[in-house]
Amino acid sequence: MDGTVLYEAVAAIFIAQMNGIELDWGQIITVSMTATLASIGAASIPSAGLVTMLLILTAVGLPTQDISLLVAVDWLLDRFRTSVNVVGDSYGAGIVYHLSKDELDSYDAQQT
């Protein structure tokens, strides 16, 4: 999820800058919130970020035809997004394990 959010936010700002459109703070917050919600709801299939990019670009009024520029590099960026997602999920699992280790050990002791 985190890799897709970063990719979509940066891609939307890139498209805005490429077209000479200056985004105000409200639009940047809209891009951030829409990217977060879209990546939560997106299916975990390759290049699903391109589909949700249409939603984000439409939300802030950016031209959707410029998404074709991202298609050329999306296959490579998809690998980086996956790596960021795996690292983020690994940290999350490690933190949950660390915080609940004592409870799990006491539960195991009660079971035996």
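Residues numbered from 1 in each chain as written. Predicted model: local features only at pLDDT ≥ 70, side-chain atom pairs only at ≥ 80, totals over all residues. Heavy atoms only, no water.

Visitor: Quick rundown of a nonpolar patch on the surface? Include the residues and the values.
Guide: Residues Val-87, Tyr-91, Ile-95 and Leu-99 make up a contiguous nonpolar surface patch of roughly 460 Å² in combined accessible area. What makes Leu-99 exposed here is its relative accessible area of 65%. (Patch = residues over 30% accessible without salt bridge, like charges linked within 9 Å, V, L, I, M, F, W, Y side chains within 5 Å. Areas by Shrake-Rupley, 256 points an atom, 1.4 Å probe, with all protein chains shown as cover. Salt bridge = Lys/Arg side-chain N within 4 Å of Asp/Glu carboxyl O. Buried < 20%, exposed > 50% of the residue type's maximum accessible area, 1.4 Å probe, protein only.)

Visitor: Describe the environment of Asn-85, with residues and values.
Guide: Within the fold, Asn-85 resides in helix α4 (residues 68-111). Each C-alpha atom of the pair Asn-85 and Gly-3 lies 5.5 Å from the other, and the pair is 82 residues apart in sequence. (Helix = DSSP H or I, 4+ residues; strand = E, 2+ residues; numbered from the N terminus.)

Visitor: How would you explain the packing of aromatic side chains if you had to name every residue and give the values?
Guide: Taken as a whole and assessed by the stated rule, the structure comprises zero aromatic pairs. It is Arg-81 that lies over the ring of Tyr-7; its NZ or CZ is 4.2 Å from the centre. (Phe/Tyr/Trp six-rings, centres within 6.5 Å; stacked < 30°, edge-to-face > 60°. Lys NZ or Arg CZ within 6 Å of the ring centre and 35° of its normal.)

Visitor: An account of the nonpolar core is requested, with residue identities and associated values reported.
Guide: In terms of nonpolar packing, the biggest core is built from 18 residues, with Ala-12, Val-31, Met-53, Leu-57, Leu-62, Ile-67 and Leu-70 touching the most fellow members. Elements supplying a minimum of two residues to this core: α1 (2-18), α2 (25-41) and α3 (48-59). The greatest single-element share of this core, amounting to seven residues, is contributed by α1. Dropping the residues within four chain positions of it, Ile-67 is found in contact with Ile-15, Leu-50, Met-53, Leu-54 and Leu-57. (Core = buried A, V, L, I, M, F, W, Y, C linked by side-chain atoms within 4.5 Å. Contact = heavy atoms within 4.5 Å.)

Visitor: Can you break down α4 residue by residue, with the values?
Guide: Taken as a whole, α4 carries its principal kink of about 60° at Asp-74. The secondary structure elements touched by the buried residues of α4 are α1 and α3. (Bend = angle between axes of the 7 residues up to and from the residue.)

Visitor: Could you give an account of the packing of α1 against α3, with specific residues and numbers?
Guide: Two elements in contact, α1 and α3, have axes separated by 10 Å at closest approach and are oriented at 50°. With respect to their mutual orientation, α1 and α3 come out oblique. Seen along the crossing, α1 lies across α3 with a hand that is right-handed. On the side of α1, the interface is formed by Thr-4, Tyr-7, Glu-8, Ala-11, Ala-12 and Ile-15, while α3 contributes Gly-49, Leu-50, Thr-52, Met-53, Ile-56 and Leu-57. In terms of residue class, the contact of α1 with α3 is built from eight nonpolar, three polar and one charged. (Axes fitted to C-alpha atoms, helices over the stretch in contact; angles between N-to-C directions. Parallel < 35°, antiparallel > 145°, perpendicular 65-115°, else oblique. Left-handed = near helix turned anticlockwise from the far one by under 90°. Nonpolar A, V, L, I, M, F, W, Y, C, P; charged D, E, K, R; others polar.)

Visitor: Please give an account of the pattern of salt bridges that cites residues and values.
Guide: For the structure on display, the rule yields two salt bridges. Within the structure, one salt-bridge network assembled from shared partners comprises Asp-74, Asp-78 and Arg-81.

Visitor: Which residues make up the side chain of Thr-34, and what values do they have?
Guide: Position of Thr-34 relative to the elements: it lies in helix α2. According to the relative accessible area criterion, Thr-34 is buried, its value standing at 15%. Once you skip the residues sitting within four places of it in the chain, Thr-34 turns out to touch Leu-55, Ile-56 and Ala-59.

Visitor: Which residues make up the packing of α2 against α3, and what values do they have?
Guide: α3 packs onto α2 with a crossing angle of 155° between their chain directions and a minimal axis gap of 9 Å. It follows from the interaxial angle that α2 and α3 lie roughly antiparallel. Judged by the sense of rotation from one axis to the other, the crossing of α2 with α3 is right-handed. Where α2 abuts α3, its residues Thr-30, Val-31, Thr-34, Ala-35 and Ala-38 lie against Thr-52, Leu-55, Ile-56 and Ala-59. Class assignment of the residues belonging to the contact of α2 with α3 gives a composition of six nonpolar, three polar and no charged.

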